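Take a look at the letters that make up each chain.
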Amino acid sequence: MAFLSEEKIKELAVKANDIRMSIIEMLVEAKSGHTAGPLGMADIFTLFYFHILRHDPKNPSWEERDRVVLSNGHICPVFYATMAHAGYFPVSELKTLRKFGTRLQGHPHREYLPYVENSSGPLGSGLSQAVGMALADRMNKKDNNRFIYCFISDGELDEGNSWEAIMLAGKLKLRNLIVIVDRNNIQIEGVTEEIMPLEPLQSKWRSFNWHVIEVSGHDFGSLNEVVEEAQAIYEKPTVIIAHTIPGKGVSFMERNYKWHGKPPSKEEGEMALKELKNLRF
Amino acid sequence: MLNPKLKLNPKIFNDDVEQAHIRKGFGQGLLLAGEKNENVVGLCADLTESTGMNLFADKFPERFVQMGVAEQNLVTVASGMAAMGKIPFCSSYAMFSPGRSWEQIRTTINYNDRKVVVVGSHSGISVGPDGGTHQALEDIALMRVVPNMDVLSPCDSIEAKKATLALVESPKPAYLRLVREKTPIITTEETPFKIGKAEIYWMPDVGLAQVGIIVTGGLLHRAILAAKELEADGIKTKVMNLSSIKPLDIDAVLALAKECKAIVTVEEHQIAGGMGSAVAEMLSANYPTAIEFVGVRDLFGQSGTPDELIEHYGMGKNSIKEAVKKVLKRKA
């Protein structure tokens, strides 16, 4: 991982915008799926797949790769789109999302798409799997060689299983585990603080013996810096609470929980693409 | 007579037949597995000694993970460790895992195809005085309906040890079902064991059997005693040890059904969805056969001694004999 130049940041912003357009296109075609979360996480996924991760899209099973565990599998449109743009599989395949026979299942499935580390969808269990991976790497004395990155949603912090994993990782002091919480403040039925308040979220994690950092989920420079900080923390696992705007980039979707679980219609998709195409970086 | 080819324990009919914990057999097997294979790891949800995992934990503390009372985390962390090449065994009481951790097992172990062995101790009614909350009578059903999951339920301590060692070599995820109480030693170190293979433990001295008794788990000894008494009453039976519920030894079960044309299944589990259901599903499609089911009839358990409860819920020696006589009358 290296310094992010202004030029590189601009490059990433353009890439993230391409990924957002792919997300809209694939969801319009699929006629079902989640929109707000994937758009909100596009910048973070872009930064990871085009700057931070040690990985090789041409050799996805490279043993030394960093591991990415996506826990909230429903945001897979951003996962698939980023992987396609990074060269794991053709961008044209994105149009098969959720269709019969596709490798791009409605929620990611490792059997069909071996480039993903875990099948996911049911909430609250991805972090446990990442804890298991980080622990196994420590047992194998590989915890200095690579990181286990786990992406989770804020809504899935309602799950008891999440806190079981958070408690264990704190106990084990897993320095090779870095969690990114998509703090977009929405879940299916409304805003998180009304459905089941999570705040004070920072102090909850801290009291479980984690290193806690908050950051904007749309500022490449700051995001890159906090990941570097997380990698430097030696005695604890780190959680990065990334504040994201659900529906980011499409004005009529931003911050509206009703876009959590539905796709744009053809017309809405065209409006969204028009907006994204006209963004300047 | 006992099947002479299987080298079973000759003292099986003695009043002082040696008894041992099936869960301790698992513990010994896991210790041996740990010595043979450094990738074997143990995870436990605050029941290390009760599930027999303490032998492994004491010998290999660096490969043991104390999870606390957190069964959902238990199985999902195991899935993550399997992703990095470990061979995790994760143990708790069956009521809590797979009882509480079922969806996590299905998604992160079976669907995700991560080779993890889920070990559920204290299954069945013979948990005894702890009462109905702790008596897992549904776990076979929960686990056998999940694709990509083997289900093993050993009959004694020695077989539990062999099953544990076999599961280290098996490529698939599995559920290993154990019971709390000591049970009589039926097998010996020489008795063959293979995942997916059922064996006839008791057979007529000469001629064909009239009824086939298929048993899984700790009730096998009672079934063999029942078979011996039935022989004295002039009823010839064969007793099959079906410790491998999934994969089911279709050839062996079919052969038994074709010979006897009447089957009794025996298990410490709800009749609905258990081993008997697995046998019935297969036979009804391939060779419809009269079956009587010995098991729990859609009830929860309660406190009592294991013997009291096994008798009360109709799984004792006399209940097995009655079921044999009943199915004999139904025979076409």
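Everything quoted here is computed from the prediction, not taken from an experiment.

Draft legend 1. Here's a closer look at the pairing of strand β4 (residues 87-93) of chain B. Residues and elements named next belong to chain B. Burial analysis of β4 places seven of its seven residues in the buried class, the great majority of the element. Relative to β4, strand β2 (residues 40-44) runs parallel, the two sharing five bridges. Looking at β4, one finds that Val41 is bridged to Pro88. Bridge count for β4 against strand β5 (residues 117-121) is five bridges, and the pairing is parallel. Following the sheet pairing, Cys90 is matched in β5 by Val118. Crossover handedness for the path β4 to helix α4 (residues 102-111) to β5: right-handed.

Draft legend 2. A look at the pairing of strand β13 (residues 262-270) of chain B. Residues and elements named next belong to chain B. Within β13, nine of the nine residues are buried, which leaves it mostly tucked inside the rest of the structure. Pairing of β13 with strand β14 (residues 290-296) involves six bridges; the strand directions are parallel. Looking at β14, one finds that Val266 is bridged to Val294.

Draft legend 3. Just the sheet that holds strand β7 (residues 174-177) of chain B, in detail. All names here are of chain B. Taken in spatial order, the seven strands line up as β3-β2-β4-β5-β7-β6-β12 in an open sheet, and their pairing is mixed. Each edge of the open sheet is held by one strand with a lone partner, namely β3 (64-66) and β12 (244-246). Averaged over all pairs of adjacent strands, the angle between their axes in this sheet comes to 20 degrees, without regard to strand direction. One ladder, built from three bridges, connects strand β6 (residues 150-152) with β7; its direction is parallel.

Draft legend 4. Examining the domain arrangement of chain B more closely. Residue and element names in this part refer to chain B. The domain boundaries assigned to chain B delineate domain 1 (20-183) and domain 2 (196-330). Using only C-alpha atoms to locate each centre, domain 1 and domain 2 end up separated by 25 Å. When residues of the side of domain 1 that touches domain 2 are traced back to their parent elements, those giving at least two are α5 (139-144), β6 and α6 (157-169).

Criteria and thresholds
Residues numbered from 1 in each chain as written. Chains lettered and ligands numbered in written order. Predicted model: local features only at pLDDT ≥ 70, side-chain atom pairs only at ≥ 80, totals over all residues. Buried ≥ 20, exposed ≤ 12 C-beta atoms within 10 Å, placed from the backbone. Helix = DSSP H or I, 4+ residues; strand = E, 2+ residues; numbered from the N terminus. Pairing = 2+ DSSP bridges. Right-handed = clockwise from strand over helix to strand, strands pointing away. Axes fitted to C-alpha atoms, helices over the stretch in contact; angles between N-to-C directions. Domains from an automatic or database assignment.

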